[in-house]
Amino acid sequence: EQLKSDGTLTALHLAFSREQEKKVYVQHLLAQNAEETFDLMEKQGAYIYVCGGVKMGQDVQEALKQIIVFKKNVNDKQAKDCLDLMAKEGRYVQELWA
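Residues numbered from 1 in each chain as written. Predicted model: local features only at pLDDT ≥ 70, side-chain atom pairs only at ≥ 80, totals over all residues. Heavy atoms only, no water.

## Observations concerning the layout of surface pockets
In step 1: There is about 690 Å³ of room inside the largest pocket.
In step 2: Forming the boundary of the largest pocket are 24 residues, of which H13, V26, L30, T37 and L40 lie nearest the centre.
In step 3: Those elements giving two or more residues to the lining of the largest pocket turn out to be α2 (26-32), α3 (34-42), β1 (48-53) and α4 (54-72).
In step 4: Contributing to the lining of the second largest pocket are A15, F16, S17, R18, V24, Y25, V26, Q27, G53, K55, M56 and D59.
In step 5: Listing elements by their share of the lining of the second largest pocket, those giving two or more residues are α2 and α4.
In step 6: Among the elements that make up the lining of the second largest pocket, the one with the highest residue count is α4 (three residues).
In step 7: Class assignment of the residues belonging to the lining of the second largest pocket gives a composition of six nonpolar, three polar and three charged. (1 Å grid on protein atoms, 1.4 Å probe; cavity = no way out; pocket = protein on both sides within 12 Å on 5 of 7 lines; lining within 4 Å. Points joined across faces, edges and corners; volume = space filled by probe spheres on them. Helix = DSSP H or I, 4+ residues; strand = E, 2+ residues; numbered from the N terminus. Nonpolar A, V, L, I, M, F, W, Y, C, P; charged D, E, K, R; others polar.)

## Structural notes on the side chain of T37
In step 1: Mapped onto the fold, T37 is located in helix α3.
In step 2: Residue T37 is classed as buried on the basis of its relative accessible area of 11%.
In step 3: Sequence-distant contacts of T37, that is, excluding residues within four places in its chain, are made with L30, L64 and I67. (Buried < 20%, exposed > 50% of the residue type's maximum accessible area, 1.4 Å probe, protein only. Contact = heavy atoms within 4.5 Å.)

Listed below in structure tokens is the structure:
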């Protein structure tokens, strides 16, 4: 709450896949918040850090690609190129493990 009140955070979306009956995954929250995610990526220069298992990282990357495909009206390759550019700029970082 402190981070929200001082303006550091404007929103917080939590994904828990093991601690509750209904599984909530990061990629689903990204898709549900596609407009906000795209705005943060494209207009506000967001930095995205993905930490977790390899499969989760792949699923998150696919969700981000689909957001770019839909919002920019580009193909999968062009969307992947956008993520690659973000990675080159240090704005998309994945720390994944098996």
